[in-house]
Amino acid sequence: MYEIRDVGVVGAGLAGLYASKTLLREGYSVDIFEEHRTVGIPKHCTGLISSYTLYLLGKPAIKSVVNAFDRYELLFINHKGDEPYRVTLRFRERVYLVDRVNLEKKLYEEVAALGGRFFLKTHINRVIALHGKYRVSSNGRVYGPYDVVVIAEGAKRVLVKKHSLCPKVTNAIGFQAMVKLREELADVPYIFISSNISRYFFGWLVPYAGREYLVGVMDSNSRAPEVFTRLLSLLRKLLSHNIRIREFFGGYIPLNKLCIGGSNRVIGVGDAISPVKPFTGGGIYGVVESVNSLSDALKLLREYGESTELAYIYGRILSQRLKRLASHHAVKGIVDLVGGFSTLGVIARFLKIKGYYVKYYDDVLRLGRPLLTP
Ligand SMILES: Cc1cc2nc3c(=O)[nH]c(=O)nc-3n(C[C@H](O)[C@H](O)[C@H](O)COP(=O)(O)OP(=O)(O)OC[C@H]3O[C@@H](n4cnc5c(N)ncnc54)[C@H](O)[C@@H]3O)c2cc1C
């Protein structure tokens, strides 16, 4: 029997909470460290996920669904001020919008009910290996010992860098706001692609509830607020609407390829190891797949009784489960090389492509047949 029993989890974001819940259900004893006074902050995410991810996250996610969509409208906008060129992406299965804060609160309640011990307002700055066990320290105060430490610190990736899981850290910035419009629009997310907004990324407007919408941009540099202002002025022109901003929020989005999963028994999950889809910036799918890979690796070790190879087995399962990310990165590299997403609009306009069927939201590269203009 493999003697892993005590687990320390750093970070109570989605990855840390989902990992804690999974491990507690499998009989481990779990301590969770979160630097904020509560879970759900800082708020940063839009919350769009596939039905597959929704199903794996289970009840807390299902109870947090606020909207669902069967298509996206891509609007390619050129600098000449022509009518935007529209391309529709139709999804085989619906894409769900979840309230991320609510989801984390529900997971927190489940983790606490399962016996997880939370240490809030506790920023972990070191993971210390000593006599085959690990301790974590927060400003001189030491916790542990643990058999495994799970790093779920999100995109800022300080501890994973210290442990050489992600030697190079490159992030984009996602900047968004909850806005209220004067009138309701069609219940469909709009993606705005224009080199005027962002050269290599895009902006979005996602119907939340009633006349409330999430409006945001992603950009590879710290100019995101400026890029966001450009998106707002474009929206004002397109919609001739009064846009009332309710709240700003946002955060980092990892752009690196998948990092090494772990080193010995220090294991990274979620944004900490960059399992993010480069086309959409979506990381929740990667959160779920990384945590489930860890669970599978622990089950294998329990079965076979090997005592040292957790990181290796985890890494193998993780790269297998997230194989499709490598092809995403390759194609995104080509898109960037030809001049970014806006060039795709020029191609779509030239070939008269009006839309695409998307077989799996988590794998937008596996497109179905294009819909051409008659
Ligand atoms: C603007 C924006 C929009 C997005 N939209 C989507 C979307 O629509 N769909 C999608 O799938 N993904 C989306 N993402 C990505 C998604 O939000 C992330 O993939 C997901 O939040 C990663 O979860 P995580 O738990 O790994 O990290 P986080 O949610 O960042 O959680 C990390 C937690 O660790 C804590 N922490 C960090 N360091 C320490 C420390 N040293 N000690 C103690 N605590 C620590 C932090 O306080 C935080 O609570 C979006 C991201 C952004 C920025």
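Within each chain, residue numbers correspond to sequence positions counted from 1 in written order. A pLDDT threshold of at least 70 governs which residues receive local features in this predicted model, and a stricter bar of 80 or more applies before side-chain atom pairs are shown or counted, although totals over entire chains, interfaces and linings include all residues.

This paragraph deals with the overall build of the chain. Tallying secondary structure elements over the chain gives 10 helices and 19 strands in all. The C-alpha atoms of the chain give 21 Å as radius of gyration, which agrees with the globular expectation for 374 residues (21 Å, within 12%). On the principal axes, the C-alpha backbone points of the chain span a range of 65 × 35 × 35 Å. Considering the chain as a whole, with its 374 residues, one finds that 44% of them fall into the buried category. Partitioning the intrachain contacts of the chain with sequence separation of at least 6 by distance along the chain shows that 69% fall at a separation of at least 24. To qualify as a helix, a DSSP run of H or I must reach at least 4 residues; to qualify as a strand, a run of E must reach at least 2; elements of each kind are numbered from the N terminus. Within these notes, the globule rule equals 2.2 Å times the number of residues to the 0.38 power, and the radius of gyration is based on C-alpha atoms. The burial criterion counts other C-beta atoms lying within 10 Å of a residue's C-beta, which is placed from the backbone; the residue is buried at 20 or more, exposed at 12 or fewer, and partly exposed between these limits. With C-beta atoms placed from the backbone, a contact is any residue pair whose C-beta atoms sit within 7 Å.

Looking only at helix 10 (residues 341-351), the buried set comprises Phe341, Ser342, Gly345 and Ala348. End-on view of helix 10: buried residues confined to an arc of 105°, all on one side of the axis. Residues Ile347, Phe350 and Leu351 are exposed on helix 10 and point more than 90 degrees away from its buried face. Structurally, helix 10 contributes buried residues whose contacts are with strand 4 (65-76), strand 5 (85-98), strand 12 (190-193), helix 9 (323-337) and strand 18 (353-358). Lys352 sits one or two residues past helix 10 and shows a positive phi near 60°. The arc in question is formed by the directions pointing from the helix axis toward the C-beta atoms.

The next thing to look at is the environment of Lys106. With respect to the helices and strands, Lys106 occurs in helix 4 (residues 100-113). Looking at Lys106, the number of C-beta atoms within 10 Å reads 21, which means it is buried. Once residues within four sequence positions are removed from consideration, Lys106 is found in contact with Pro60, Lys63 and Ser64.

According to the domain assignment, the chain contains domain 1 (6-42 + 100-169 + 256-328) and domain 2 (65-97 + 171-254). Counting residues at the interface gives 9 residues for domain 1, matched by 9 residues for domain 2. Polarity classes work like this: nonpolar for Ala, Val, Leu, Ile, Met, Phe, Trp, Tyr, Cys and Pro, charged for Asp, Glu, Lys and Arg, and polar for all others, with Gly in that last group. Of the residues contributing to the side of domain 1 that touches domain 2, the split by class is 4 nonpolar, 3 polar and 2 charged. Residue ranges labeled as domains rest on an automatic or database domain assignment.

Here an angle of 0 to 180 degrees is reported between the N-to-C directions of two axes, which are lines fitted to C-alpha atoms, with helices fitted over the stretch in contact. Between helix 1 (residues 14-25) and helix 4, the least distance of the axes is 9 Å, while the angle of their chain directions is 30°. On the basis of the axis angle, helix 1 is roughly parallel to helix 4. Crossing geometry of helix 1 relative to helix 4 is assigned as left-handed. Contacts from Leu14, Leu17, Tyr18, Ser20, Lys21 and Leu24 in helix 1 reach Glu104, Leu107, Tyr108, Glu110 and Val111 in helix 4. Taken together, the residues of the contact of helix 1 with helix 4 break down into 7 nonpolar, 1 polar and 3 charged. Orientation is classified from the angle alone, with under 35 degrees giving roughly parallel, over 145 giving roughly antiparallel, 65 to 115 giving roughly perpendicular, and any other angle giving oblique. Throughout, a crossing is termed right-handed when the near helix is turned clockwise from the far one, and left-handed when it is turned anticlockwise from it by less than a right angle.

Should DSSP find at least two bridges between two strands, the strands are taken to pair. Taken together, 6 strands build an open sheet; the order of strands is 6-2-1-10-17-16 and the sheet is mixed. The outermost strands of the open sheet, each flanked by one partner alone, are strand 6 (117-119) and strand 16 (262-263). Direction of pairing for strand 16 relative to strand 17 (residues 266-268): antiparallel, over a ladder of 2 bridges. Paired with Ser263 across the two strands is Val266, which belongs to strand 17. Across the sheet, helix 1 is in contact with strand 1 (6-10), strand 2 (29-33) and strand 10 (148-151); its angle to strand 2 comes to roughly 165°.

What follows deals with the nonpolar core. Membership of the largest hydrophobic core comes to 105 residues, with the highest contact counts inside it found for Tyr18, Ala19, Val149, Val150, Ile151, Ile267 and Val269. Composition of this core by domain shows at least three residues from each of domain 1 (6-42 + 100-169 + 256-328) and domain 2 (65-97 + 171-254). Nonpolar cores are built from buried Ala, Val, Leu, Ile, Met, Phe, Trp, Tyr and Cys residues. These are joined into a set through C-beta atoms within 7 Å.

Turning our attention to helix 8 (residues 310-321). Here, expected helix span is obtained from the residue count minus one, scaled by 1.5 Å. Between its first and last C-alpha, helix 8 extends 16 Å over 12 residues, near the 16 Å set by a 1.5 Å rise per residue. Within helix 8 the residues assigned to the buried category are Leu310, Ala311, Ile313, Tyr314, Gly315, Ile317 and Leu318. Looking at the packing, one finds that the buried side of helix 8 touches strand 10, strand 16, strand 17 and helix 7 (284-304).

Now for the environment of Asp187. Its location among the elements puts Asp187 in the loop between strand 11 (171-181) and strand 12. Separated by 117 residues in sequence, Asp187 and Asp70 place their C-alpha atoms 9.8 Å apart.

Another point: the packing of helix 7 against helix 8. For the pair helix 7 and helix 8, interaxial distance at closest approach is 8 Å and the crossing angle is 135°. By the angle class used here, helix 7 and helix 8 are oblique. In the packing of helix 7 onto helix 8, the handedness of the crossing is right-handed. Taking contact as the criterion, the partners of Glu289, Ser290, Ser293, Leu294, Asp296, Ala297, Leu300 and Leu301 in helix 7 are, on helix 8, Leu310, Ile313, Tyr314, Ile317, Leu318 and Arg321. The class makeup of the residues in the contact of helix 7 with helix 8 is 9 nonpolar, 2 polar and 3 charged.

For the rest of this paragraph, the subject is the pairing of strand 8 (residues 133-138). Where strand 7 (residues 126-130) lies against strand 8, 5 bridges are found, and the strand directions are antiparallel. Note on strand 8: the bridge partner recorded for Arg126 is Ser137. Between the end of strand 7 and the start of strand 8, which pair antiparallel, lie 2 residues, with His131 showing a positive phi angle near 50°. Two strands pair when backbone bridges link them, and strand 8 and strand 9 (residues 141-146) are joined in this way by 4 bridges, in the antiparallel orientation. Its bridge partner being in strand 9, Val136 is matched across the sheet by Tyr143.

Picture the strands of a sheet paired through backbone hydrogen bonds; they go either parallel or antiparallel. In space, the 3 strands of this open sheet follow the order 7-8-9, with antiparallel pairing throughout. If you trace the sheet from one side to the other, it starts and ends with strand 7 and strand 9, each paired once. Averaged over neighbouring strand pairs, the angle between their axes works out to 25° when direction is ignored.

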